[in-house]
Amino acid sequence: MTKVSLGEHDALLVVDIQNDFLPGGSLAVAGSDAVIPVLNACIARFSAQGLPVHACRDWHPPDHCSFIENGGPWPPHCIAGTHGAEFSTSLALPPETPVMSKGSLRDREAYSAFDGTELAALLRKEQVGRIFIGGLTTDYCVLNSVKDASRLGFSIFVLLDATRAVDLHPGDGKAALEAMKGHGAIFLESGEIA
């Protein structure tokens, strides 16, 4: 097993661990709850070393363009201020975690944690060079966050055991992994973080 040692220029990005994507939610992803203990262990590891942890969330208006009734592919989900948009109470984010809200404009989809947020500027301020990413979903918000991180010059590690795909079309998750690899992402299991 290859080990990746954490260093002072590393950060963890936790993507969309929100009730609507978890079992019982309006856009529940199969196996999504299994990523929470994995992410909690990663959060603890980063926090123990004084490394930054960031989180993002969908934060949609009630009439968002991505919703089926407005011609989008998704059922209404993660409507700002609702229970469905809240992070899981099982997710152990440190109280000081910066939270990036995306998809908050009615007429614009935003899958990436960098899209319309201050994330890139904050990571630069923290002198982050490598981002470790886990969360939901492999084929949308994780994928697009990886693409933007790569474009912005960050090195990216995708935590395979901390991600799950929605697979709107069968094979989307697998295709997303190939796409991320094409953007320079390195895949590892959380246990390979030293």
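For the structure, check the block above.
(A) Local environment of the sheet that holds strand S3 (residues 99–102). Taking strand neighbours across the sheet as the criterion, the six strands line up as S3-S2-S1-S4-S5-S6 in an open arrangement whose pairing is parallel. Whereas interior strands pair on both sides, the edge strands pair on one side only; in this sheet they are S3 and strand S6 (186–188). The average undirected angle you get between the axes of adjacent strands in this sheet is 25 degrees. In this sheet, strand S5 (residues 155–164) lies alongside strand S4 (residues 130–136) in parallel orientation, the contact comprising six bridges. Pairing of Arg 130 across the sheet is with Ser 155, part of S5. Helix-sheet contacts for helix H1 (residues 35–48) involve strand S1 (10–15), strand S2 (53–58), S4 and S5, and the interaxial angle to S5 is about 140 degrees.

(B) Summary view of the pattern of salt bridges. Summed over the entire model, instances satisfying the criterion amount to eight salt bridges. Residues Asp 107 and Arg 106 are paired through a salt bridge, measuring 2.2 Å at the closest nitrogen-oxygen approach. On the basis of relative accessible area, Asp 107 is assigned to the exposed category, the value being 61%. Under the relative-accessibility criterion, Arg 106 is labelled partly exposed at 38%. Taken together, the salt bridges that share partners define one network made up of Asp 16, Asp 58 and Lys 102.

(C) Structural view of unusual backbone geometry. Cis peptide bonds are those with omega within 30 degrees of zero, and the linkage from Leu 136 to Thr 137 qualifies with -5 degrees. The residue Asp 16 is not glycine, and still its phi comes out positive at about 55 degrees. Summarising the element assignment, Asp 16 is placed in the loop between S1 and H1. Residues other than glycine seldom take positive phi values, yet Asp 167 does so here, at roughly 50 degrees. Relative to the assigned elements, Asp 167 resides in the loop between S5 and helix H4 (172–182).

(D) Looking closely at H1. The terminal C-alpha atoms of H1 lie 20 Å apart, and with 14 residues this matches the ideal 20 Å at 1.5 Å per residue to within 8%. Among all positions in H1, only Val 35, Ile 36, Val 38, Leu 39, Asn 40, Cys 42, Ile 43 and Phe 46 are buried. Elements that come into contact with the buried residues of H1 comprise S1, S2, S4 and S5.

What counts and what doesn't
Residues numbered from 1 in each chain as written. Predicted model: local features only at pLDDT ≥ 70, side-chain atom pairs only at ≥ 80, totals over all residues. Heavy atoms only, no water. Pairing = 2+ DSSP bridges. Helix = DSSP H or I, 4+ residues; strand = E, 2+ residues; numbered from the N terminus. Axes fitted to C-alpha atoms, helices over the stretch in contact; angles between N-to-C directions. Contact = heavy atoms within 4.5 Å. Salt bridge = Lys/Arg side-chain N within 4 Å of Asp/Glu carboxyl O. Buried < 20%, exposed > 50% of the residue type's maximum accessible area, 1.4 Å probe, protein only. Expected span 1.5 Å × (residues − 1).

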